[in-house]
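Structural overview for review
One-letter residues, chain by chain:
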Amino acid sequence: MSHPSRAFAPLDLIQLVSIAVIWGVNNILAKIAVDALPAMLTVAVRFAFVLAILIWFIRMPPRAMWQPFVLMLIFVGPLHFGIQYTGLKLATDIAPMVVAMQLWAPASVVFAALLLKEVVSPLRWAGVIVAFLGTASMNFDPAVFAQGGALLLVSLASVSYGLGAVMVRKIAGMDVWATQAWIALAIVPTMLSASLLFETDQIDAMMHAPLIVWAALIFGGLVSSIVANAFLFRLVQKYEVSRTTPYLLMTPVISFALAALILHNQITPQIMLGAALTIGGVLLVAIAERRFKAVA
């Protein structure tokens, strides 16, 4: 049996709730930014702020880590954010997209079983299935079905992030600041190149972007990417992932409320049902992880 889990320290609990709030707000700000700027350019500018702050932390990883490290950079960096922001650009309502963003957790379970040969309990498999069915079920809502392409792209981006998260486990020991700097370094030139190849009117869009767009980009780069990830990295080193995950499920709830209040999105019963199933599936994965550790 494992030792009993210690209670959250007050400061740690504040940081954990702060992560959910930051990410919940950032989802709305990302939609505001990507509506004003081309998608690839939006990603490049956001992570240019990250790179400007963290470039001094870049260190070369050990030679033995290079293959999983490069794969992690690709799947967590340009592939994930490029596909996600393209989906957000196409979306008319943010709420279903926020639900799809949660799929990275069950996706990481699948990839861990396939690539790391981890033993997955029936309860965790049930959580994976419920989460994916929850996202798919939202397409029964006509408003969501009309933006099914956007939902598919955001879901694929989440799956990409889930695969990258498994690669992270193969490069244990990398400093959080160095990892964030490398991700930004992988994103900025690739997304700028993609923007030049596939997008138009970048300069005009940047010149006419309102201040809220630049505030959203700075918030996404400095607060969401740097501050929230630093909090999370510290917390997962102190507490089990299965204990932190349920608190992070406040993120879509916060985004839903802000989408209704600020973006005037309609949150239909079908979307709520799909969200409940997806979040419930992610929670099942977390509960199963905790039970697995308790008997290990």
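Up top is the structure these notes are about.
The structure reproduced in this document is the subject of the present report.

The rules behind each value
Residues numbered from 1 in each chain as written. Predicted model: local features only at pLDDT ≥ 70, side-chain atom pairs only at ≥ 80, totals over all residues. Heavy atoms only, no water. Helix = DSSP H or I, 4+ residues; strand = E, 2+ residues; numbered from the N terminus. Rg over C-alpha atoms; globule rule 2.2 N^0.38 Å. Buried < 20%, exposed > 50% of the residue type's maximum accessible area, 1.4 Å probe, protein only. Core = buried A, V, L, I, M, F, W, Y, C linked by side-chain atoms within 4.5 Å. Contact = heavy atoms within 4.5 Å. Salt bridge = Lys/Arg side-chain N within 4 Å of Asp/Glu carboxyl O. Phe/Tyr/Trp six-rings, centres within 6.5 Å; stacked < 30°, edge-to-face > 60°. Axes fitted to C-alpha atoms, helices over the stretch in contact; angles between N-to-C directions. Left-handed = near helix turned anticlockwise from the far one by under 90°. Nonpolar A, V, L, I, M, F, W, Y, C, P; charged D, E, K, R; others polar.

Quick notes on the overall build of the chain
Within the chain, the secondary structure is distributed over 15 helices and zero strands. A compact globule built from 296 residues would reach a C-alpha radius of gyration of about 19 Å, and the chain, at 19 Å, matches this within 12%. Seen through its principal axes, the chain has C-alpha atoms that stretch 60 × 50 × 40 Å. Going through the 296 residues of the chain one by one, you find that 50% of them count as buried.

Structural notes on the nonpolar core
F47, M72, Y85, L88 and M97 are the most contacted members of the largest nonpolar core, which totals 55 residues. The leading source of residues in this core is helix α10 (residues 176–198), at ten residues. The residues contacting M97, other than those within four sequence positions of it, are L88, A91, Q147, A150, L151 and V154. In this structure, L37, A209, V213 and L217 belong to the second largest nonpolar core, which totals ten residues.

Let's talk about the pattern of salt bridges
Enumeration according to the criterion identifies one salt bridge in this entry. Across the salt bridge formed by D35 and K31, the nearest N and O atoms sit 3.0 Å from each other. Taken as a pair, D35 and K31 lie in helix α1 (residues 10–36) at a separation of four residues, close to a single helical turn. Judged by relative accessible area, which is 4%, K31 ranks as buried.

Topic: the packing of aromatic side chains
The relation between two aromatic rings is expressed through the spacing of the ring centres and the mutual angle of the planes. Per the stated rule, a full pass over the model turns up seven aromatic pairs. Between W66 and W182 the ring centres are 6.1 Å apart and the planes differ by 85°, which places this aromatic pair in the edge-to-face class. Here the residue W66 occupies a position in helix α3 (residues 66–76), and W182 occupies one in helix α10, the gap between them amounting to 116 residues. Given the relative accessible area of 29%, W66 is considered partly exposed. By way of ring pairs, the aromatic residues F47, F81 and Y85 are connected into one cluster.

Considerations on the packing of helix α2 (residues 39–54) against α10
Following both chains from N to C, one finds α2 and α10 inclined at 145°, their axes separated by 8 Å at the closest point. By crossing handedness, the relation of α2 to α10 is classed as left-handed. Contact with α2, carried on its side by M40, L41, V43, A44, F47, A48, V50, L51 and L54, involves W177, Q180, A181, A184, L185, I187, V188, M191, L192, A194 and S195 of α10 and no other residues of that element. For the contact of α2 with α10, the residue count by class is 18 nonpolar, two polar and no charged.

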